[in-house]
Amino acid sequence: MSGADEDDGAGGYVEDMLAADGTRLRRWDNGAAGVPVVLSNGLGASAAAWPFLHGEHSGYHATTWYHRGLGGSARPDDESRIGVGAHADDLIATMDAAGMDRAVVVGWSVGVAVAIEAARRAPERVAGLLALGGVATGVFRVLPAFPGASVPEGVHRRAAQIGGWLLRVVGPPVAGVIDMLPRGMDASRDALERAGMDAAALDPTGSAAPMITLAEVARQFARHDWTWFSRMVLAAAEHDAPDDDALAALRMPTTVVSGDYDTLAPPADMAALAAALPDARLVRLPGSHFLPLQFPDALAGELAALAERAGL
């Protein structure tokens with residue numbers, strides 16, 4: 001199927017495809033040849049957050065999909081089908097639409113739980129797994145962690161549910177603010193280029209590039225239906241993590257990347273995930289939950305190393 005008429009800010013192309021249950025989903029593809037990579041993004045994120053996978057010379061054939069009811073994808077007829085299991089089915093359908101038999105799967109945030117669930121259902125399709133800012137369950141650690149204190153899992157889950165409901169109230173005004181700020185950053189860059197100045201030459205370190213990426217990602221978030229987005233977050237939080245035996249059965253090469261200052265997926269949780277997987281390497285970066293925006297070069301290196309470990 002084809003027919004996307006909206007620029008997603010990530011180059012390549014977008015097209016419509018059908019999920020296993022008939023839901024129309026929007027799929028992004030970089031249109032390149034190379035190592036097959038599937039992005040299992042955080043809820044509401046797009047391929048714009050992964051600029052090193054853009055372009056025909058990236059070395060990767062990369063694809064992803066927009067979650068049900070977000071980014072141009074339709075809501076399912078059965079609106080209960082918005083949990084981690086449904087997203088895992090959509091990941092496999094995205095691989096099929098892209099013509100990928102096996103691929104390295106990159107999971108970010110809730111997308112980690114989706115990637116792990118897809119690997120459990122179809123281990124022969126997942127050649128390697130890069131997991132950052134998320135664990136095997138869809139529940140975020142929204143409560144602060146204190147040294148020596150232990151918060152019961154049920155309390156974390158309840159706090160995540162409350163946070164999910166609050167998105168309906170705080171999401172729209174926050175989105176309005178972030179929608180204005182990125183446009184100002186883009187306008188400044190455009191003004192320099194219209195004046196005949198090379199914005200990249202004025203910033204030889206490349207430090208402006210993450211800001212431009214952040215601009216596009218923020219703009220994408222500002223477009224969400226926040227009541228629906230809240231429902232998606234709540235549905236993800238209902239997902240139970242697989243037990244240790246189920247995780248131990250996942251023998252594909254894995255790299256777990258932890259942000260030292262990530263409060264939603266704390267380093268201790270990421271280390272526990274790495275310890276539970278039999279062929280996992282743990283990497284720590286001095287960042288927050290938004291590692292793709294903060295450390296694109298480091299993640300590009302980790303993806304290349306993982307692809308080599310996976311034999312791709």
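See the structure shown above.
Keep in mind that what you see is a predicted model, and the values were worked out from it rather than measured. (Residues numbered from 1 in each chain as written. Predicted model: local features only at pLDDT ≥ 70, side-chain atom pairs only at ≥ 80, totals over all residues. Heavy atoms only, no water.)

## Things to note about the sheet that holds strand 3 (residues 35–40)
Put simply, the rule is: Here, a strand pair is defined by DSSP locating no fewer than two bridges between the strands. Think of it this way: any DSSP run of H or I at least four residues long counts as a helix, any run of E at least two long counts as a strand, and we number them from the N terminus. Here the axes come from fitting lines to C-alpha atoms, over the contacting stretch only for helices, and the angles between their N-to-C directions go from 0 to 180 degrees.
Ordered by their spatial adjacency, eight strands build an open sheet running 1-2-4-3-5-6-7-8, and the pairing between neighbours is mixed. Whereas interior strands pair on both sides, the edge strands pair on one side only; in this sheet they are strand 1 (13–18) and strand 8 (280–285). Neighbour-to-neighbour, the strand axes of the sheet open up by a mean angle of 20 degrees, direction not taken into account. Here strand 5 (residues 103–108) runs beside strand 6 (residues 126–132); their pairing, made up of six bridges, is parallel.

## With respect to helix 10 (residues 296–309)
Quick note on the threshold: What a helix is expected to span follows from its residue count: subtract one and scale by 1.5 Å. Each residue is assigned to one of three classes by its accessible area relative to the maximum for its type, calculated with a 1.4 Å probe on protein chains only: buried under 20%, partly exposed between the two thresholds, exposed over 50%. The directions considered for the arc are those from the helix axis to the C-beta atoms.
For helix 10, built from 14 residues, the straight-helix expectation of 20 Å at 1.5 Å per residue is met to within 8% by its first-to-last C-alpha distance of 20 Å. Here helix 10 has its buried residues at Pro296, Leu299, Glu302, Leu303, Leu306 and Ala307. Along the long axis of helix 10, the arc covered by the buried residues comes to 135 degrees, so they all point the same way. Among the exposed residues of helix 10, those pointing more than 90 degrees away from its buried face are Asp297 and Glu308. One or two residues past the end of helix 10 sits Gly311, with phi positive at roughly 75 degrees.

## Overview of the pairing of strand 4 (residues 60–65)
With six of six residues buried, strand 4 lies mostly within the body of the structure. Across the two faces of strand 4 the burial is the same, with Tyr60, Ala62 and Thr64 and His61, Thr63 and Trp65 all buried. Two elements, strand 2 (residues 24–29) and strand 4, share three bridges in a ladder whose sense is antiparallel. Pairing of Arg27 across the sheet is with Trp65, part of strand 4.

## Some thoughts on the nonpolar core
Rules: Nonpolar cores are built from buried Ala, Val, Leu, Ile, Met, Phe, Trp, Tyr and Cys residues. Side-chain atoms within 4.5 Å join them into one set. For this analysis, residues touch if any pair of their heavy atoms sits within 4.5 Å.
Among the nonpolar cores identified, the biggest contains 48 residues, and Val38, Leu91, Ile116 and Leu273 are the most heavily contacted of them. Broken down by secondary-structure element, the contributors of at least two residues to this core are helix 1 (84–98), strand 5, helix 2 (110–121), strand 6, helix 6 (226–237) and helix 8 (267–276). Of the residues forming this core, the biggest block, eight residues, is contributed by helix 2. Non-local contacts of Leu273, meaning those with residues more than four positions away in its chain, are made with Val112, Ile116, Ala131, Gly134, Val135 and Val256. With 28 residues, the next largest nonpolar core counts Leu53, Val104, Val283 and Leu291 among its residues.

## Quick word on the pairing of strand 8
Our working rule: Look down the strands so they point away from you; if the path from the first strand over the helix to the second goes clockwise, the crossover is right-handed.
Examined bridge by bridge, strand 7 (residues 254–259) and strand 8 share six bridges and lie parallel to one another. Residue pairing for strand 8: Val257 is matched across the bridge by Val283. In this fold, strand 7 hands off to helix 8, which returns the chain to strand 8; that crossover is right-handed.

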